[in-house]
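Spelled out, the chains give:
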Amino acid sequence: MKFKLSQTGAFEAEFEYGKIEISSNTELGFRPVQLLVSSLAGCSGGLLKKVLEKKRITFDSIEIETDIERNEKEANKVTKIALHFIVYGINLNLTQVQKSLDLAVKNCAMIHSVNSAIEVVETIEVREQ
């Protein structure tokens, strides 16, 4: 990966899918903390989808709500990220869905990459749609 300071003041990079702009100014690009949380949600959410499909658990959609805690005394360091998964479908078994999440998290490279520095907490619920 290669990042370059653009004329706007944001760092940008080109990827297969498109260009990404990163800045602490939300008018210029994605904030680094947004990308951090997005990588955890995207990795674990994608794996949860894959596990549910492999287990042939029928679902309609998945939402992930996130919350972060930061320590202002330590450069506003991220100390905790909570990921709350909501799986929508008919007659979903919470125990099966929880086991699927456990397996997804166990195999999520992004969560394992930050595990020693940031507390990551995953919760899940099922809802009828």
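Check the entry above for the structure.
It should be emphasised that the depicted structure is a prediction, and the values quoted were computed from it without experimental measurement. (Residues numbered from 1 in each chain as written. Predicted model: local features only at pLDDT ≥ 70, side-chain atom pairs only at ≥ 80, totals over all residues. Heavy atoms only, no water.)

A. Highlighting the overall build of the protein. Within the protein one finds 3 helices and 6 strands. Its helices and strands in sequence order give the protein the pattern β-β-β-α-β-β-α-α-β, from N to C terminus. Dimensions of the protein, computed from the C-alpha atoms along their principal axes, are close to 50 × 35 × 25 Å. Put simply, 56% of the contacts in the protein that link residues at least 6 apart link residues at least 24 apart. Carbon and sulfur atoms make up 50% of the accessible area of the protein, which amounts to about 8,700 Å² in all. (Helix = DSSP H or I, 4+ residues; strand = E, 2+ residues; numbered from the N terminus. Contact = heavy atoms within 4.5 Å. Areas by Shrake-Rupley, 256 points an atom, 1.4 Å probe, with all protein chains shown as cover.)

B. Fine view of the sheet that holds strand β1 (residues 4-5). The strand order across the open sheet built from 3 strands is β1-β2-β3, with neighbouring strands paired in antiparallel fashion. For this open sheet the edge positions go to β1 and β3 (19-22), each flanked by a neighbour on one side alone. As judged from the 2 bridges shared by β1 and strand β2 (residues 11-14), these two strands associate in the antiparallel manner. Across the sheet, residue L5 finds its bridge partner in β2, namely F11. (Pairing = 2+ DSSP bridges.)

C. Just the side chain of S6, in detail. Structurally, the position occupied by S6 is in the loop between β1 and β2. Residue S6 is classed as buried on the basis of its relative accessible area, which comes to 15%. At a separation of 2.8 Å, a polar atom in the side chain of S6 contacts the side chain of T8. (Buried < 20%, exposed > 50% of the residue type's maximum accessible area, 1.4 Å probe, protein only. Polar contact = N/O pair within 3.5 Å; in protein donor to acceptor, adjacent residues only side chain to side chain.)

D. Representation of helix α1 (residues 32-54) within the structure. When the terminal C-alpha atoms of α1 are compared, their 33 Å separation across 23 residues agrees well with the 33 Å that a helix rising 1.5 Å per residue should span. By the burial criterion, the buried members of α1 are V33, V37, L40, A41, C43, S44, G45, L48, V51 and L52. Buried-residue contacts for α1 involve β4 (61-71), β5 (77-88), α2 (94-106), α3 (109-114) and β6 (119-127). Just beyond α1, the residue with positive phi is R56, at close to 60°. (Expected span 1.5 Å × (residues − 1).)

E. Structural detail: the sheet that holds β5. Here we have 3 strands laid out as an open sheet, ordered β4-β5-β6, and mixed in their pairing. This sheet does not close on itself; its edge strands, each paired only once, are β4 and β6. Each strand axis lies, on average, 15° off the axis of its neighbour in the sheet, ignoring direction. Sheet topology note: the β4/β5 ladder contains 11 bridges and is antiparallel. For S61, the partnering residue across the bridge sits in β5 and is Y88. Against the sheet, α1 touches β4, β5 and β6, its axis set at about 35° to β5. Of the strands in this sheet, β5 and β6 are in contact with α2, which crosses β6 at around 150°. (Axes fitted to C-alpha atoms, helices over the stretch in contact; angles between N-to-C directions.)

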